[in-house]
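# Structure at a glance
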Amino acid sequence: MAADATGAEAPLIGRDTARMAEMAATRENAARLPGVTLRPQVAPCAGWDALSGADIVLLVTPTQTLRAVSAELAPHLKPGAAVVACAKGVERGSLLLPPAVLGETLPEHPAALLSGPSFADDVARGLPTAVTLAAGDERLAARLAARLATRSFRPYHSTDLTGVALGGAAKNVLAIAAGAVEGRGLGASAVAALIARGFAELTRLGVALGAKPETLSGLSGLGDLVLTATSEKSRNFALGLALGKGEPAPDKLAEGAATAEALVALAEANGVEMPISRAVADVIAGRASVASAIEDLLARPLRAEA
Ligand SMILES: NC(=O)c1ccc[n+]([C@@H]2O[C@H](COP(=O)([O-])OP(=O)(O)OC[C@H]3O[C@@H](n4cnc5c(N)ncnc54)[C@H](O)[C@@H]3O)[C@@H](O)[C@H]2O)c1
Ligand SMILES: O=P(O)(O)OC[C@H](O)CO
């Protein structure tokens, strides 16, 4: 659970016992957030015991591990505890978005999703951040948002779980493309074009899946796309940048790389074209070079803007 508005103790559970003990002693996550002092109420620990008292559990693992981790913690959860996924991606194989994965692994627990433009480092340093907290039940979404809000961290609430999840998943894939365009030195105009056309394909799929257009153009969709596709602090953008420059990929999690193929498959299953995401999937899978993928995108027939 995160350090929330109530000031109550918030266990921070990790699987590496030694690292959690070091974090508890130094009050710093030196590997991920160097220089940031943990708030007094954050209590780093290992093992699932601390879960038994938690009304709200934030699951902050990569999308492709969400199923295994949520299944593992299921027996340790307090009855009725809300589980909030923070992952941004599409599960490979099932093509499910994070809330739907939780629906399968934790059917007895209300599932929620936290997404939106927010670098962990910015949040941890108390810089102003606005995000979206989605849950199927509006009262739950509002209650969770109020519990997690701080003076600098503003969760807006939503019931559009699909829209919030799809925006977060697709923006990571599109950010890889934006990084590649930047890495090839194609200029700011090309990056802007990519963001706009990328947003068009994100919207097409979102609408086909039943998402609300206003969710897709909100914090968790367009907002996060703009952040991730324009900042070198983004690990997805940084991966694209390296690919565009022909440099080795950074050794960091880039959710878009793991999600690209699944996103395109989800789009295909819904009769939606996502040419930029497909280009990213092709490059990640080694089916195309960055240069040929860009050539192919530029050679697409001219059409009405939609
Ligand atoms: N870092 C950010 O700024 C940020 C912001 C918003 C959302 N997210 C999302 O949060 C999710 C996690 O990203 P992150 O930045 O925390 O990644 P990270 O690599 O910094 O941390 C992932 C954590 O998950 C743990 N983990 C990995 N595989 C696991 C497994 N099989 N079982 C149990 N634990 C496992 C790792 O030990 C690590 O503690 C991603 O979907 C990402 O898109 C990240
Ligand atoms: O570093 P990235 O690319 O995983 O982006 C982190 C967050 O999702 C930004 O909102």
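So, a few notes on the structure that sits alongside this text. (Residues numbered from 1 in each chain as written. Chains lettered and ligands numbered in written order. Predicted model: local features only at pLDDT ≥ 70, side-chain atom pairs only at ≥ 80, totals over all residues. Heavy atoms only, no water.)

## Focus on the overall build of the chain
Secondary structure summary: the chain contains 13 helices and seven strands in total. The principal-axis extent of the C-alpha atoms belonging to the chain is close to 60 × 40 × 35 Å. Sequence separation of at least 24 residues holds for 69% of the intrachain contacts in the chain that already meet a minimum separation of 6. Entry remark: accessible area of the chain is about 14300 Å², with carbon and sulfur atoms responsible for 56%. (Helix = DSSP H or I, 4+ residues; strand = E, 2+ residues; numbered from the N terminus. Contact = heavy atoms within 4.5 Å. Areas by Shrake-Rupley, 256 points an atom, 1.4 Å probe, with all protein chains shown as cover.)

## Some details on the site of ligand 2
Around ligand 2 sit Lys-88, Gly-116, Pro-117, Ser-118, Phe-119, Lys-171, Asp-224, Leu-227, Thr-228, Ser-234, Arg-235 and Asn-236, and that is every residue in its neighbourhood. Side-chain polar atom of Asp-224 to an oxygen atom of ligand 2: 2.6 Å apart, as the coordinates give it. In this structure, an oxygen atom belonging to ligand 2 sits 2.8 Å away from a side-chain N or O atom of Asn-236. Taken together, the elements giving at least two residues each to the shell around ligand 2 come down to helix 9 (219-228) and helix 10 (235-245). A total of three residues in the shell around ligand 2 trace back to one element, the largest contributor, which is helix 9. (Near = heavy atom within 4 Å. Polar contact = N/O pair within 3.5 Å; in protein donor to acceptor, adjacent residues only side chain to side chain.)

## A short note on helix 5 (residues 138-148)
Taken together, the buried positions of helix 5 are Leu-140, Ala-141, Leu-144, Ala-145 and Leu-148. When helix 5 is viewed along its axis, its buried side chains cluster within an angular range of 135° and face the same direction. Exposed residues pointing more than 90 degrees away from the buried face of helix 5 are listed as Arg-139 and Ala-146. Structurally, helix 5 contributes buried residues whose contacts are with strand 3 (56-59), strand 4 (82-85), strand 5 (111-115), strand 6 (129-135) and strand 7 (153-158). (Buried < 20%, exposed > 50% of the residue type's maximum accessible area, 1.4 Å probe, protein only. Arc of directions from axis to C-beta.)

## Observations concerning the pattern of salt bridges
As enumerated under the stated definition, the model contains 12 salt bridges in all. Linking Glu-261 and Arg-287 is a salt bridge whose minimum nitrogen-to-oxygen distance equals 3.0 Å. Here Glu-261 is found in helix 11 (residues 255-269), whereas its partner Arg-287 is found in the loop between helix 12 (275-284) and helix 13 (290-298), with 26 residues between them in sequence. In this structure Glu-261 comes out as partly exposed when scored by relative accessible area, which is 39%. Where Arg-278 meets Glu-268, a salt bridge forms, and the shortest distance between an N and an O atom there is 2.3 Å. With Arg-278 in helix 12 and Glu-268 in helix 11, this pair connects stretches of sequence that are 10 residues apart. (Salt bridge = Lys/Arg side-chain N within 4 Å of Asp/Glu carboxyl O.)

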